[in-house]
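Per-entry structural report
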Amino acid sequence: MVDERKDGAYGTPQKYDPTFKGPIYNRGCTDVICCVFLLLAIVGYVAVGIIAWTHGDPRKVIYPTDSRGEFCGQKGTKNENKPFLFYFNIVKCASPLVLLEFQCPTPQICVEKCPDRYLTYLNARRSQDFEYYKKFCVPGFQNNKGVAEVLRDGDCPAVLTPSKPLARRCFPAIHSHKGVLMVGNETTYEDGHGSRKNITELVEGAKKANGVLEARQLAMRIFEDYTVSWYWIIIGLAIAMVLSLLFIVLLRFLAGIMVWVMIVMVILVLGYGIFHCYMEYARLRGEAGSDISLVDLGFHTDLRVYLHLRQTWMAFMIILSVLEVIIILLLIFLRKRILIAIALIKEASRAVGYVMCSLLYPLVTFFLLCLCIAYWASTAIFLSTSNEAVYKIFNDTACSVAGKTCNPETFPSSNESRLCPGAHCQFAFYGGESTYHRALLGLQIFNAFMFFWLANFVLALGQVTLAGAFASYYWALNKPDNLPAFPLFSAFGRALRYHTGSLAFGSLILAIVQIIRVILEYLDQRLKAAENKFAKFLMTCLKCCFWCLEKFIRFLNRNAYIMIAIYGTNFCTSARNAFFLLMRNIIRVAVLDKVTDFLFLLGKLLIVGSVGILAFFFFTHRIRIVQDTAPPLNYYWVPILTVIIGSYLIAHGFFSVYGMCVDTLFLCFCEDLERNDGSQERPYFMSPELRDILLKGSAEEEGKRGEVEE
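- Within an unreviewed UniProt entry, the label attached to the chain reads Choline transporter-like protein, and the organism entered is Balaenoptera musculus.
- Quoted verbatim from the Function (unreviewed entry) heading of the UniProt record, the comment on the chain is "Choline transporter."
- For the chain, the Sequence similarities (unreviewed entry) comment in UniProt is given as "Belongs to the CTL (choline transporter-like) family."

In C-alpha cells:
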C-alpha cells in the first residue's frame, strides 16, 4: 500500500509498530527554553500593566477636557454638573493646528447645556439674556470689564449659536437660524466689536470645522447606534449560536443529509438574494434620482442613500450571481470528491459524538481570548492616557512665544503674557518629557506583541487539546471500548504539562510575523502622502509576502500541533514530520482536506446569510418581533454588520471543532496507511466505511495521475 515514490525527498514513511496505540502517554517536556521565555514575558507584561495602571487615567478617553485640563461631567469634581464641552469659536477647530496639537486653539469650558439660541455678547449685555449668556463665560466671570477687554481676554464668546451635543461636545446646529439679524438680503451677526459679518461665513466655517471632526462624529454616531441596539445585537448573536449548535448536532446524526441540505440552502439563499436585488432594481425604475451613478454620488456615511440607486442593486445582483455560478461550478466539478469528503465528515461526526464535550471547548478558548483582549485593551488605554497635561500658549496673531509650554496659574503675570497681550495659556494635549513618556511607543508595541503571542498560544492550546482527544478516538482499535475515559481532559492536561514550551514556540513565530505586518501597515499609512512609487511598490510586496508567510505558518503550526498531540515531540520535529507526511500524501490533501474546508465554509455562509437576512429585515423596519420594532438608528448597517461578523465568528468557533477533527483524522489516516496494510496482523484503525471510500477515491486519483505522467 506504500508508494515507493514517497521515499527520499520527503522523509521515510512510518513503519509498523505493534506497540503504537495512539497518543503516547509516556512523554517528556518539550521546548523548555521557550516555556521559560514565555513565563518571563508574562511577568514583564504584568509589570507593564501595573506601571500603566499607576500612571494612566482612562477618564481622559471618556470625558472631554476644558482649556484648563479639567474633566467635564466627572463625579467628584467642580464640573460634575457640567457634562458638555463648549467651544468659544468652533470655526478655529478647522485650523491645521488641530491636527498637530489635537486641541482647538480657542477657549473651551464645561457647561450644563449647549446653547439653544442665537445671541451676541453685545446684544446680551443690553438685554435680560445676560444671565443666560454668562453661563457660557469662563468660571468666575465678573461683569467689570468693557466689551473689548472681555473679548480680548477670552472671558466670554463673541457669539452663541444654537448647538447640539455630540460626544459630550457642543457642535453648531447648521440649519438653525433663530435669532439671526436680517439686513437686506443678507443674514448677519454682530461680532462684539460693533461690526456686522455675514452669517454664511460662520456657517461655512462651522461646516469646515465639522469636516475636520467628521471622523470623530462618525465614530460617535456609530457608538450611539450601539448604545440603542446592543440588546437586539445580542439577540441576533444568540440566534446565530443556536443555529450553529443545532446544525452541529444534526450533523452528528445526519451528516450526509445535512451536507446536501446545506449545499441546497446556500444556493437557495443566494438565489433569493439575486431575486430581491432584481425586484429592488425594477421597483426603482422611473423614480427621480435613482439613475445617478455611484461615481457621481461619491462617498456618504449614510449608506441608506445608496439603496435608492438602481446601480447599487445592479452591483449587488451581479456579485451574488457570480458567486452563485462559482459555487455551482465547483459543486459540479467536485461532486465525486464531495462524496469522499462527506465520508470523512461522517467519521468526524462519530468522533465528535464520542467526545461531545469538545463542542463546548470553544467556550474555553473564547473566555481565554476575552481575557487576553481585555488585558491588552485596558493596558493600551492606560498607556495612552498616562501622559501629563501640557499647556501651551495660543494666539490668533503672530507671536514669538506662541506654541511654547506655559503654566496657567502663573501665565497672567508672566513675561509671555506681556509680550503677547492677546495670548492664552490653555490645555493643549497630554504628553511628557520623562523617560517613561519617551518609552510609551515601545511599551505599546510590546503590549501588542504580547497580545498576539498570548492569543496565538490560547488558540494553539485549543488545537492541541482537540487533536489529542480526536487522535485518541482514531487510534482506538475497538471504538468506543478502547477510548480513554476523559479524552479531552487528558489531552488538555498533557498539553499544559509537557508542551507549554512547544505551544509558546509556535505561537511566538506567528506573533513575530503578525507584529511585523502591523508595523508594515503603520509605515504604509505614513508613506501614503509620499510620491515615491518605488517605496509604495516595495511596501505592497512586503505586505503581500508577509501575508502569505502568516498563512503558511498557520497551516504548518496547525499540523505540527496534531503531531505534538500524538507523539509528544518538540515543535520543530513535529512541524517537519507533519510537513513531510502531507507532502507524501499531497494528492489526498487536495482531494479531502480542502474540499471539507469548502463544505464547512458553505455551512458558515448558510448560518451567516440566514441571520444576516433576518437582521436586515428587522433593522430596516420591514418585520417586527413580538410587537417590538428596531430602535431608530443613525446607520442601520452598524448593527447589521455587527451581527453578520459576530455570527461568522460564532459559526467559525463551532465549525472549528469539526475542522480540527477532520484535520486530525486526516493525518491519522495518512499515518495509518503507512503503518498498516489492512491484514489481520496489521489491521487498519480506520472504520470500514471510511476505508472503502477513502482508499477507492485515492486509488482513482493515483490512477489519473499515472495516466497523465505516462
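Having seen the model, we can carry on.
Some details on the overall build of the chain
- Looking only at helices and strands, one finds 23 helices and 11 strands in the chain.
- Just so you have it, the chain exposes about 36,400 Å², and 64% of that area is on carbon and sulfur atoms.

Examining the packing of aromatic side chains
- Per the counting criterion, the structure on display carries 30 aromatic pairs.
- Summarising the aromatic geometry, the rings of Tyr45 and Phe446 are spaced 6.1 Å apart at their centres and angled 85 degrees between planes, so their arrangement reads as edge-to-face. Placement of the pair is Tyr45 in helix α1 (residues 32-55) and Phe446 in helix α16 (residues 440-474), with a sequence separation of 401 residues.
- Its relative accessible area of 27% is what places Phe446 among the partly exposed residues.
- On the basis of an interplanar angle of 70 degrees and a centroid distance of 6.4 Å, the ring pair of Phe486 and Phe489 is categorised as edge-to-face. Summarising the burial analysis for this pair, Phe486 and Phe489 share the class exposed.
- Among the aromatic side chains, those forming a connected cluster through ring pairs are Tyr45, Trp53, Tyr375, Phe382 and Phe446.
- Arg117 extends its terminal NZ or CZ atom over the ring of Tyr132, reaching a point 3.8 Å from the ring centre.
- The residue whose ring lies beneath Arg310 is Tyr281, and the NZ or CZ to ring-centre distance is 3.9 Å.

A few points about the environment of Thr106
- Its place among the elements puts Thr106 in the loop between α3 (97-101) and β2 (108-111).
- Once the C-alpha coordinates of Thr106 and Val91 are considered, the two residues, 15 residues apart in sequence, prove to be 9.0 Å apart.
- Excluding residues within four positions of it along the chain, Thr106 makes contact with Ser67, Tyr87, Phe88, Asn89, Lys92 and Gln426.

Looking at empty space enclosed by the protein
- Evaluated as defined, the whole model comprises 2 cavities of 30 Å³ or more.
- When its volume is computed, the second largest cavity comes out at roughly 120 Å³.
- What lines the second largest cavity is a set of 11 residues, and nearest its centre among them are Trp232, Gly236, Leu614, Ala615 and Phe618.
- Among the elements of the structure, α8 (214-253) and α21 (586-619) are those that each provide at least two residues to the lining of the second largest cavity.
- Examining the composition of the lining of the second largest cavity, we find that 5 residues originate from one element, α21, more than from any other.
- Partitioned by chemical class, the residues of the lining of the second largest cavity number 10 nonpolar, 1 polar and no charged.

Overview of the packing of helix α9 (residues 255-283) against helix α12 (residues 335-354)
- It is the contact of α9 with α12, at a shortest axis distance of 9 Å, that shows an interaxial angle of 125 degrees. Relative to α12, the element α9 is oriented oblique. Considering only the axes of α9 and α12, their crossing is right-handed. Two secondary-structure elements touch here, α9 through Ala255, Gly256, Val259 and Trp260 and α12 through Ile338, Leu339, Ile342, Ile345, Lys346 and Ser349.
- Its residues placed into classes, the contact of α9 with α12 shows 7 nonpolar, 2 polar and 1 charged.

Examining the pattern of salt bridges
- Taken as a whole and judged by the stated rule, the model has 12 salt bridges.
- A salt bridge links Asp129 to Arg117, with the shortest nitrogen-to-oxygen separation between them at 3.8 Å. In this pair, Asp129 is assigned in the loop between α4 (121-125) and α5 (130-134) and Arg117 in the loop between β2 and β3 (119-120), connecting sequence segments 12 residues apart.
- Using a relative accessible area of 28% as the deciding quantity, one classes Asp129 as partly exposed.
- Across the pair Glu347 and Arg350 runs a salt bridge, and its minimum N-O distance is 2.7 Å. Of this pair, Glu347 and Arg350 are both found in helix α12, 3 residues apart, which corresponds to roughly one turn of the helix.
- Taking the relative accessible area as the measure of exposure, Arg350 reaches 29% and is therefore partly exposed.
- One network of salt bridges, in which partners are shared, links Asp116, Arg117 and Asp129.

Observations concerning the side chain of Thr379
- With respect to the helices and strands, the residue Thr379 is situated in helix α13 (residues 361-384).
- On the basis of relative accessibility, which here comes to 0%, the residue Thr379 falls in the buried class.
- Apart from residues no more than four positions distant in its own chain, Thr379 is found in contact with Val48, Gly49, Ala52, Trp53 and Asn447.

Section: the pairing of β2
- Side-chain alternation along β2 places Gln108 and Cys110 on one buried face and Ile109 and Val111 on a second face that is also buried.
- As paired strands, strand β1 (residues 84-87) and β2 are joined by 4 bridges and run antiparallel to one another. Bridge pairing in β2 places Phe84 opposite Val111.

Considering the side chain of Asp524
- In this fold, Asp524 is placed in helix α18 (residues 500-527).
- Not counting chain neighbours up to four residues away, the residues in contact with Asp524 comprise Met539 and Lys543.

Considerations on the state of the cysteines
- Per the stated rule, a full pass over the model turns up 3 disulfides.
- In this model, Cys114 is linked to Cys170 through a disulfide, with the two sulfur atoms separated by 2.0 Å. Here the disulfide of Cys114 and Cys170 is left-handed, its torsion about the S-S bond being about -85 degrees. Of this pair, Cys114 sits in the loop between β2 and β3 while Cys170 sits in strand β6 (residues 169-172), and the two are 56 residues apart along the sequence.
- Using a relative accessible area of 3% as the deciding quantity, one classes Cys170 as buried.

Notes on unusual backbone geometry
- Notably, Asp31 is not glycine yet its phi reads approximately 50 degrees, a positive angle.
- Mapped onto the elements of the fold, Asp31 is located in the segment before α1.

Focus: the pairing of strand β5 (residues 163-166)
- One ladder, built from 4 bridges, connects β5 with β6; its direction is antiparallel. Residue pairing in the sheet places Pro165 in a bridge with Cys170 of β6.
- Where β5 folds back on β6, the antiparallel hairpin that results is connected by 2 residues, among which Ala167 adopts a positive phi of roughly 60 degrees.

Conventions and cut-offs
- Residues numbered from 1 in each chain as written.
- Predicted model: local features only at pLDDT ≥ 70, side-chain atom pairs only at ≥ 80, totals over all residues.
- Heavy atoms only, no water.
- UniProt positions renumbered as here; feature names shortened; annotations may be inferred.
- Helix = DSSP H or I, 4+ residues; strand = E, 2+ residues; numbered from the N terminus.
- Areas by Shrake-Rupley, 256 points an atom, 1.4 Å probe, with all protein chains shown as cover.
- Phe/Tyr/Trp six-rings, centres within 6.5 Å; stacked < 30°, edge-to-face > 60°.
- Buried < 20%, exposed > 50% of the residue type's maximum accessible area, 1.4 Å probe, protein only.
- Lys NZ or Arg CZ within 6 Å of the ring centre and 35° of its normal.
- Contact = heavy atoms within 4.5 Å.
- 1 Å grid on protein atoms, 1.4 Å probe; cavity = no way out; pocket = protein on both sides within 12 Å on 5 of 7 lines; lining within 4 Å.
- Points joined across faces, edges and corners; volume = space filled by probe spheres on them.
- Nonpolar A, V, L, I, M, F, W, Y, C, P; charged D, E, K, R; others polar.
- Axes fitted to C-alpha atoms, helices over the stretch in contact; angles between N-to-C directions.
- Parallel < 35°, antiparallel > 145°, perpendicular 65-115°, else oblique.
- Left-handed = near helix turned anticlockwise from the far one by under 90°.
- Salt bridge = Lys/Arg side-chain N within 4 Å of Asp/Glu carboxyl O.
- Pairing = 2+ DSSP bridges.
- Disulfide = S-S within 2.5 Å.

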